[in-house]
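Below, each chain spelled out in residue letters.
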Amino acid sequence: EWKKKPERESIKELLDICDGEKWILDSIKRNKTLDFYSKADLIIYLDISRVQCYFNIIKRRIECLYRPRHETPDGSNDRIYFSLLIKVWKHTKKNTNGMA
């Protein structure tokens, strides 16, 4: 059964990836204690509205209502959690400081 990895394990894997020659990360958490951005040659920030984010979350859930998404591990839970909706709501321009 799939289980979410502990935060430390996930961060170690990300740091190992970023130490490599070539890598692409999607939706990386902004953690001020970790310096992923200085290791990147290029950063692309997609400034998507909250409405569009919510639409995409709901659309993806409806499309995969009776079957798992192909990119999720077996046994993972693809529910819409309230915490995800709050995270999207809080993700505003303040999160782009230093990116432009």
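For the structure, check the block above.
Residues numbered from 1 in each chain as written. Predicted model: local features only at pLDDT ≥ 70, side-chain atom pairs only at ≥ 80, totals over all residues. Heavy atoms only, no water.

Examining the overall build of the protein chain
Link 1 in the chain: When helices and strands are counted, the protein chain shows three helices and zero strands.
Link 2 in the chain: Listing every helix and strand of the protein chain by position from the N terminus yields α-α-α.
Link 3 in the chain: Taken over 100 residues, the protein chain has a buried fraction of 10%.
Link 4 in the chain: For the protein chain, the computed accessible surface area is about 9100 Å², with 56% contributed by carbon and sulfur atoms. (Helix = DSSP H or I, 4+ residues; strand = E, 2+ residues; numbered from the N terminus. Buried < 20%, exposed > 50% of the residue type's maximum accessible area, 1.4 Å probe, protein only. Areas by Shrake-Rupley, 256 points an atom, 1.4 Å probe, with all protein chains shown as cover.)

Overview of the pattern of salt bridges
Link 1 in the chain: Counting across every chain of the model gives three salt bridges.
Link 2 in the chain: Across the pair Glu13 and Lys5 runs a salt bridge, and its minimum N-O distance is 2.6 Å.
Link 3 in the chain: Relative accessible area serves as the criterion here: at 38%, Lys5 is assigned to the partly exposed category. (Salt bridge = Lys/Arg side-chain N within 4 Å of Asp/Glu carboxyl O.)

Examining the environment of Arg50
Link 1 in the chain: Here Arg50 shows up in helix 2 (residues 50-63).
Link 2 in the chain: Taking relative accessible area as the criterion, Arg50 reaches 27% and is therefore assigned partly exposed.
Link 3 in the chain: Taking C-alpha positions, Arg50 is 6.4 Å from Trp89, a pair spaced 39 residues apart along the chain.
Link 4 in the chain: Within the local environment of Arg50, its side chain forms a polar contact with the backbone oxygen of Trp89, the two atoms lying 2.9 Å apart. (Polar contact = N/O pair within 3.5 Å; in protein donor to acceptor, adjacent residues only side chain to side chain.)

Description of the environment of Asp35
Link 1 in the chain: By the element assignment, Asp35 lies in the loop between helix 1 (7-18) and helix 2.
Link 2 in the chain: Separated by 17 residues in sequence, Asp35 and Cys18 have C-alpha atoms that sit 9.6 Å apart.

Brief notes about a nonpolar patch on the surface
Link 1 in the chain: A cluster of nonpolar side chains, contributed by Leu42, Ile44, Leu46 and Ile48, occupies part of the molecular surface with about 460 Å² of accessible area.
Link 2 in the chain: Within the fold, Ile48 resides in the loop between helix 1 and helix 2.
Link 3 in the chain: The partly exposed category is assigned to Ile48, whose relative accessible area is 40%. (Patch = residues over 30% accessible without salt bridge, like charges linked within 9 Å, V, L, I, M, F, W, Y side chains within 5 Å.)

Quick notes on the packing of helix 2 against helix 3 (residues 82-90)
Link 1 in the chain: Two numbers describe how helix 2 lies on helix 3: the axes approach to 9 Å, and their chain directions differ by 155°. Taken as axis vectors, helix 2 and helix 3 run roughly antiparallel relative to one another. Judged by the sense of rotation from one axis to the other, the crossing of helix 2 with helix 3 is right-handed. Touching Arg50, Cys53, Tyr54 and Ile57 of helix 2 are Leu84, Leu85, Val88 and Trp89, all from helix 3. (Axes fitted to C-alpha atoms, helices over the stretch in contact; angles between N-to-C directions. Parallel < 35°, antiparallel > 145°, perpendicular 65-115°, else oblique. Left-handed = near helix turned anticlockwise from the far one by under 90°. Contact = heavy atoms within 4.5 Å.)

Here we look at the environment of Phe36
Link 1 in the chain: For Phe36, the position within the fold is in the loop between helix 1 and helix 2.
Link 2 in the chain: Classification of Phe36 by relative accessible area gives buried; the value is 4%.
Link 3 in the chain: Each C-alpha atom, one on Phe36 and one on Ile17, is 9.9 Å from the other, the two residues being 19 residues apart in sequence.

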